[in-house]
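# Close look at the chain arrangement
Residue-level listing of the chains:
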Amino acid sequence: MKVIVVGGGIAAYSAAISARREGAEVVVLAKAPGATALYAGGMEIADDLDAIVKTQPDHPFSRLGMDALRLATELDNAIPALALALEKDGMKLEGGWKSRGLYADIHGVARPANVVPATVAPGELRALAGRRVAVMGVREVGDYDAASTAQALKELHGIDAFAEEVSIPELPTGASVTDLYGRRAPAAPRGALTAYPPGFTGLLDGAFELLASPPSPHGWRLQQAIALSMARAEVTKLEAADGRVTSAQTGDRTQGADAIVLATGQHIGGGLLKDHVTREPLLGLGVFYEGRPVRVAGTRLQHLEYLDPSTGFRIGLRTDQRLHPLDEEGATPYRNLYAAGAVLGGYDYAGPCGFGVPILTGWLAGRWAARGDGG
Ligand SMILES: Cc1cc2nc3c(=O)[nH]c(=O)nc-3n(C[C@H](O)[C@H](O)[C@H](O)COP(=O)(O)OP(=O)(O)OC[C@H]3O[C@@H](n4cnc5c(N)ncnc54)[C@H](O)[C@@H]3O)c2cc1C
């Protein structure tokens, strides 16, 4: 069985490891980094699965037709498999989908996350209570101020934090946090835990990284790890015949496949294109908002997006219980096509399932594609 996964983000990665576990030959085609490379450094998997399936019928988890227990079982398998694969590819993670911590970003603001890089994990805010924390600053960096971060940690989270500033003379004045990427971490003060802005290497025990705001060193690292098993290529066309997608075209090359997983992301990834009406560019699949084709909602949707930008995050493909994408009439035009990740609509992809939806739907899509499970 040959499976082509189109996409270069966390959904494609999850689909690929799952399909390979089923024994499929897997080719991942990715044109460029997408939203995965922008994540802040904390993976949000899911909050309350029971509430999702009971109250959010359009959510990709609910559309799988599984109860909360079955979803939990699938996550129990998917998350450790993903963590193991990423560790082999050079990125160690900590946490699990049932654990939930709070981690400070470079401004000292707390963000929830279930799974984090091992370099972020020691900074879980509740674990910092009663500890003295040095916040490492770099004099030449203009878009991050360790003194303000330390103050925010104190005022917002009651942490005994202070700023410790060093100079990296080879940096230009007004450098950015991203200029620290890949540099060796300056020595930490004795006797305190040390919070570093993200991007340094060689952190010692008792040190941790803060979360980022985009562009994100955490996202770059993750993207580098997941890209190791991917081929750099843009799929320009998917050929179909008799209700099956038969091949993917990249440049002047056409590759046949028994099944295809579309993990092309939302607007940032390029899985959806925002013309006058949002559309799916490769097969013209149905694009929905709150269960209705976006074409029907028309310009009303643009007004809604203007009033509340998160409306746009909920736009996307709709799938049946086997992750086959639907056309606008609600039919499944292709038996061997599966969709996963942020290309799916029905949930806020910048919200509490930001990584949970791509990981779990990727995991299932990869398995079903490899088994030839047309449903
Ligand atoms: C700014 C920002 C910050 C975020 N921060 C967090 C966070 O801190 N925690 C969290 O849990 N979630 C966060 N999210 C959400 C999370 O990052 C996304 O939901 C998730 O990364 C989506 O993964 P994906 O693989 O589905 O899509 P993407 O990562 O967007 O990947 C889509 C991939 O498909 C490729 N592609 C598209 N079309 C083609 C084609 N024709 N041929 C080949 N390849 C193609 C793209 O190049 C890209 O590699 C954030 C989102 C954003 C936008």
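The rules we used
Residue positions are given per chain, counting from 1 as you read along its sequence in written order. Two thresholds apply to this predicted model, a pLDDT of at least 70 for residue-level local features and 80 or more for giving and counting side-chain atom pairs, whereas whole-chain, interface and lining totals are computed over all residues. Counting from the N terminus, the helices are the DSSP runs of H or I reaching at least four residues and the strands are the DSSP runs of E reaching at least two. We compute the radius of gyration from the C-alpha atoms alone; for a globule the expected value is 2.2 Å times N to the 0.38, where N is the number of residues. Note on burial: count the other C-beta atoms lying within 10 Å of the residue's C-beta; 20 or more is buried, 12 or fewer is exposed, in between is partly exposed, and C-beta positions come from the backbone. Using a C-beta atom placed from the backbone for every residue, we mark a residue as near a molecule or strand if that atom lies within 6 Å of it. Three residue categories are used. Nonpolar comprises Ala, Val, Leu, Ile, Met, Phe, Trp, Tyr, Cys and Pro, charged comprises Asp, Glu, Lys and Arg, and polar comprises the others, including Gly. Start and end points for every domain follow an automatic or database-based domain assignment. Whether two strands pair depends on DSSP finding at least two bridges between them. To get an axis, a line is fitted to the C-alpha atoms, and for a helix only the part in contact is used. The angle between two axes follows their N-to-C directions and goes from 0 to 180 degrees. As used throughout, a nonpolar core is a set of buried Ala, Val, Leu, Ile, Met, Phe, Trp, Tyr and Cys residues joined through C-beta atoms within 7 Å of each other. Here the contact rule is simple: place C-beta atoms from the backbone, and any two residues whose C-beta atoms are within 7 Å are in contact. A helix's residues, less one, multiplied by 1.5 Å, set its expected span. This arc is built from the directions going out from the helix axis to the C-beta atoms.

### Details of the overall build of the protein
What the protein contains, in helices and strands, is nine helices and 20 strands. For a compact globule of 375 residues, the expected C-alpha radius of gyration is about 21 Å, and the protein comes in at 22 Å, within 12% of that figure. Expressed as lengths along the three principal axes of its C-alpha atoms, the size of the protein is roughly 70 × 40 × 40 Å. Going through the 375 residues of the protein one by one, you find that 47% of them count as buried.

### A short note on unusual backbone geometry
Trans peptide bonds make up the majority, and among non-glycine residues the majority have a negative phi. Residue Pro 214 is joined to Pro 215 through a cis peptide bond whose omega torsion reads -5°. Secondary-structure assignment places Pro 215 in the loop between strand E10 (207-209) and helix H5 (217-227). The phi torsion at Asp 242 lies on the positive side, around 50°, for a residue other than glycine. The residue Asp 242 is located in the loop between strand E12 (235-241) and strand E13 (244-250) in this model. The phi angle at Glu 290 is positive, at roughly 50°, despite the residue not being glycine. Following the sequence through the fold, Glu 290 ends up in the loop between strand E18 (288-289) and strand E19 (292-293).

### What about the site of the ligand?
If you check the shell around the ligand, you find 38 residues, and the closest are Gly 9, Gly 34, Gly 265, Gly 341 and Gly 354. Of all the secondary structure elements, the ones that give two or more residues to the shell around the ligand are helix H1 (10-21) and strand E2 (25-30). The dominant element in the shell around the ligand, judged by the number of residues it contributes, is H1, at three residues. When grouped by side-chain class, the residues that make up the shell around the ligand number 22 nonpolar, 13 polar and three charged.

### A look at the domain arrangement of the protein
As assigned here, the protein comprises domain 1 (2-92 + 224-371) and domain 2 (121-210). Put simply, the middle of domain 1 and the middle of domain 2, counted by C-alpha atoms, are 35 Å apart.

### Some remarks on the sheet that holds strand E14 (residues 253-256)
Whenever strands of a sheet pair, they do so through backbone hydrogen bonds, lying parallel or antiparallel. Strand order in this open sheet of three strands is E12-E13-E14, and the pairing throughout is antiparallel. One side of each edge strand has no neighbouring strand; the edge strands of this open sheet are E12 and E14. For this sheet the average axis-to-axis angle between neighbouring strands, irrespective of direction, equals 25°. Examined bridge by bridge, E13 and E14 share four bridges and lie antiparallel to one another. Each residue of the ladder has a partner; that of Ser 247, found in E14, is Gly 256.

### Considering the nonpolar core
Core analysis: the biggest nonpolar cluster contains 117 residues, and Val 3, Val 5, Val 261 and Tyr 338 have the highest contact counts within it. Per element, the largest residue contribution to this core is nine residues, and it comes from helix H9 (residues 356-371). Residue assignment places this core across two domains, with domain 1 (2-92 + 224-371) and domain 2 (121-210) each supplying three or more. Those residues in contact with Val 5, other than ones at most four positions away along the chain, are Ala 12, Ala 15, Ala 16, Val 26, Val 28, Val 261 and Ala 263.

### Some remarks on the sheet that holds strand E1 (residues 2-6)
Strand order across the open sheet formed by five strands is E11-E2-E1-E15-E20, with parallel pairing between neighbours. The two strands at the open ends of the sheet, each matched to only one other strand, are strand E11 (231-232) and strand E20 (337-339). With two bridges joining them, E2 and E11 adopt parallel strand pairing. For Ala 30, the partnering residue across the bridge sits in E11 and is Arg 232. Running over the sheet, H1 touches E1, E2 and strand E15 (259-262) and is turned about 170° from E2.

### Points about the pairing of strand E4 (residues 101-104)
Pairing of E4 with strand E5 (residues 110-113) involves four bridges; the strand directions are antiparallel. For Gly 101, the partnering residue across the bridge sits in E5 and is Ala 113. The antiparallel pairing of E4 with E5 creates a hairpin that spans five residues between the two strands, and Gly 108 there sits at a positive phi of about 85°.

### Here we look at the environment of His 157
Mapped onto the fold, His 157 is located in helix H4 (residues 146-157). Separated by 92 residues in sequence, His 157 and Gln 249 have C-alpha atoms that sit 52 Å apart. Beyond its immediate chain neighbours, meaning those up to four positions away, His 157 contacts Ala 110 and Leu 125.

### What to know about H4
Its 12 residues give H4 an end-to-end C-alpha distance of 16 Å, which sits within 8% of 16 Å, the value for a rise of 1.5 Å per residue. Listed in full, the buried residues belonging to H4 are Ala 146, Thr 149, Ala 150, Ala 152 and Leu 153. Within H4, the buried residues cover an arc of 160° as seen down the axis, which keeps them to one side. Against the buried residues of H4 lie E4, strand E7 (132-138) and strand E8 (160-166).

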